[in-house]
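Structural characterization, general
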Amino acid sequence: MSERLAEHTTTRVGGPARAWVTARTEAEAVEAVRAADAAGEPVIVLGGGSNTLMADAGFPGTVVRLAFDGIEVLDGGADADGGDHAGEAVVVRIAAGHPWDDAVAWTVEHGLGGIEALSGIPGSAGATPVQNVGAYGADVSQVLVSLRAWDREAGAVVELTTADLAFGYRDSVIKRSMLETGAPSPRWIVLSIDLRLRRASAAAEPTAPVRYGQLASALDVEEGTHAPLAVVRREVLALRAAKGMVSDPDDPDTWSTGSYFTNPIVPAAVRATLPEGAPAFAAGHAEDGTPLVKLSAAWLIDHAGFAKGFGLPDVAPREGGPDGRGADGAGLAGGRASVSTKHTLAMTNRGDASTEDVLTIARTVRDGVKARFGVDLHPEPMIIGTSL
Ligand SMILES: Cc1cc2nc3c(=O)[nH]c(=O)nc-3n(C[C@H](O)[C@H](O)[C@H](O)COP(=O)(O)OP(=O)(O)OC[C@H]3O[C@@H](n4cnc5c(N)ncnc54)[C@H](O)[C@@H]3O)c2cc1C
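Every value quoted in this text rests on a predicted model; they were computed, and no experiment measured them.

**Considering the pairing of strand β10 (residues 144-151)**
- Here β10 lies mainly inside the structure; seven of its eight residues are buried.
- Note: β10 against strand β12 (residues 188-199), seven bridges, orientation antiparallel. Bridged to Trp150 within β12 is Ile189.
- Examined bridge by bridge, β10 and strand β11 (residues 156-161) share six bridges and lie antiparallel to one another. The partner of Asp151 across the bridge, within β11, is Ala156.
- If you look at the hairpin formed by β10 and β11, you'll find four residues sitting between the two strands, and Gly155 has a positive phi there, around 65 degrees.

Structure follows, in structure tokens:
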């Protein structure tokens, strides 16, 4: 039976899939993807739908939703001697369909440090390596040892290490296998991920340093020092909730893909062209040695005139674009979509938006930032069947 993507994505937009498979085991997922590939049928895999924007026309192929879960301790789990094993490495394997935040909560309950700063991120564990999910100075590449994936090209289950994944900022070889080919799904379908965590002491002493100024001040500790896992999780959830960055069925500010744009990484010289006060952080060097800085997309959006809650009246569909219409069949945006009222980086559905309504707001913001500051903003979510 076919399903509407709007029922399965956090932005609550997207038309029907031609075919729908709920994979309750790894084997079912592999078989569904293999069969679609063999038949030349377009296929996408979906976890929590929190980083996917699907066209209003829907998907002319099979959507395989990964619905298998489970957490297994692979290594370092023996503490039967009752001793204090603080600092010991523990490797856990998390099934791709396991809700990520449930996995984070499990690690904190079990006194395992390493992903507590990634609390509250919606979606599935298997999607976290796709864009190297990150927040508050942490990202998944810091703890991922390897993953198991169905390699659609090789027709086999393979193991990829952190080095194979060539992680970058919100980027990996898996994401690039979609962006570089325009394919709706990646070459590798992640089946499980192995994370190396650190055991906290019996006294619940901390394990991972706090790497983000705002979090450090909320915790009242110095950046680079430690705080207990459960406290870090609690503070991160509170900070995120205040920004509409924890999924909440009752709060349209969270009906989004989280940050819609990545923070632009530009030559350091661009900083001098921006107004005083524009945040910029050192971000390494380009291949030719040019120093780079990371700018704040949220700051640029806000200072280009798109404050929290920015919306538009009904506007005409863009020329040459997909035949987008608002949810009421008339113009686009029309109050149905807006910038979140809690954070300028999230493009939100206010209740009855279409995909094109949301994209109309995002395009206006992107074009306005370019016009005001000359900086290009790039979308973070995967956009399928339409474009920004
Ligand atoms: C309120 C909110 C806050 C957010 N905050 C953050 C944040 O702080 N940091 C951050 O990095 N992201 C954040 N996000 C984005 C999103 O939650 C993450 O990118 C998340 O990892 C996506 O998981 P998902 O299962 O929902 O992915 P989906 O949307 O289901 O899929 C995303 C992409 O990954 C592919 N994919 C999914 N599962 C697999 C798999 N097993 N194997 C191969 N490919 C796969 C899909 O085909 C698709 O292309 C936020 C989103 C929301 C709605």
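**What to know about helix α2 (residues 100-109)**
- Among the residues of α2, those classed as buried are Trp100, Ala103, Val104, Ala105, Thr107 and Val108.
- As for α2, its buried residues are in contact with β5 (71-75), β6 (89-95), β7 (112-113), β12 and α6 (229-242).
- At the C-terminal side of α2, Gly111 shows a positive phi close to 65 degrees.

**Looking at the site of the ligand**
- Near the ligand there are 36 residues, and of these Val45, Gly47, Ser50, Ser124 and Gly134 occur at the shortest range.
- Here Gln131 contributes a side-chain N or O atom positioned 2.9 Å from an oxygen atom of the ligand.
- Coverage of the ligand by the protein amounts to 97% of the 980 Å² it exposes when considered alone.
- When residues of the shell around the ligand are traced back to their parent elements, those giving at least two are β2 (43-46), β8 (134-135) and β12.
- In terms of residue count, the dominant contributor to the shell around the ligand is β12 (three residues).
- When the residues that make up the shell around the ligand are grouped by side-chain class, the tally is 17 nonpolar, 16 polar and three charged.

**A look at the domain arrangement of the chain**
- What the domain assignment lists for the chain is domain 1 (5-66), domain 2 (71-242) and domain 3 (254-384).
- Of note, the centres of domain 1 and domain 2, computed from C-alpha atoms alone, are 24 Å apart.
- Taken residue by residue, the interface counts 14 residues in domain 1 and 14 residues in domain 2.
- Carbon and sulfur atoms make up 65% of the surface buried where domain 1 meets domain 2, a total of about 1200 Å² over both sides.
- The largest contributions to the domain 1 side of the interface with domain 2 come from Glu26, Val30 and Leu66, which together make up 36% of the buried area.
- Among the ionic pairs, Asp37 bridges to Arg152, the shortest N-O distance being 2.8 Å.
- Residue assignment for the side of domain 1 that touches domain 2 shows that the elements contributing at least two residues are α1 (26-38), β2 and β4 (59-66).
- Counting residues per element, the side of domain 1 that touches domain 2 draws most heavily on α1, which supplies five residues.

**A closer look at α1**
- In this model α1 runs 18 Å from its N-terminal to its C-terminal C-alpha over 13 residues, within 8% of the 18 Å that 1.5 Å per residue would give.
- All of the buried residues in α1 are Ala29, Val30, Ala32, Val33 and Ala36. The arc that holds the buried residues of α1, viewed along the axis, is 165 degrees, so those residues lie on one side. Along α1, the residues that are exposed and aim more than 90 degrees away from the buried face are Ala27 and Ala38.
- Where α1 is buried, its residues contact β1 (17-23), β2, β4, β10 and β12.

Cut-offs used in this document
Residues numbered from 1 in each chain as written. Predicted model: local features only at pLDDT ≥ 70, side-chain atom pairs only at ≥ 80, totals over all residues. Heavy atoms only, no water. Buried < 20%, exposed > 50% of the residue type's maximum accessible area, 1.4 Å probe, protein only. Helix = DSSP H or I, 4+ residues; strand = E, 2+ residues; numbered from the N terminus. Pairing = 2+ DSSP bridges. Contact = heavy atoms within 4.5 Å. Near = heavy atom within 4 Å. Polar contact = N/O pair within 3.5 Å; in protein donor to acceptor, adjacent residues only side chain to side chain. Areas by Shrake-Rupley, 256 points an atom, 1.4 Å probe, with all protein chains shown as cover. Nonpolar A, V, L, I, M, F, W, Y, C, P; charged D, E, K, R; others polar. Domains from an automatic or database assignment. Buried area = accessible area lost by both parts, 1.4 Å probe. Salt bridge = Lys/Arg side-chain N within 4 Å of Asp/Glu carboxyl O. Expected span 1.5 Å × (residues − 1). Arc of directions from axis to C-beta.

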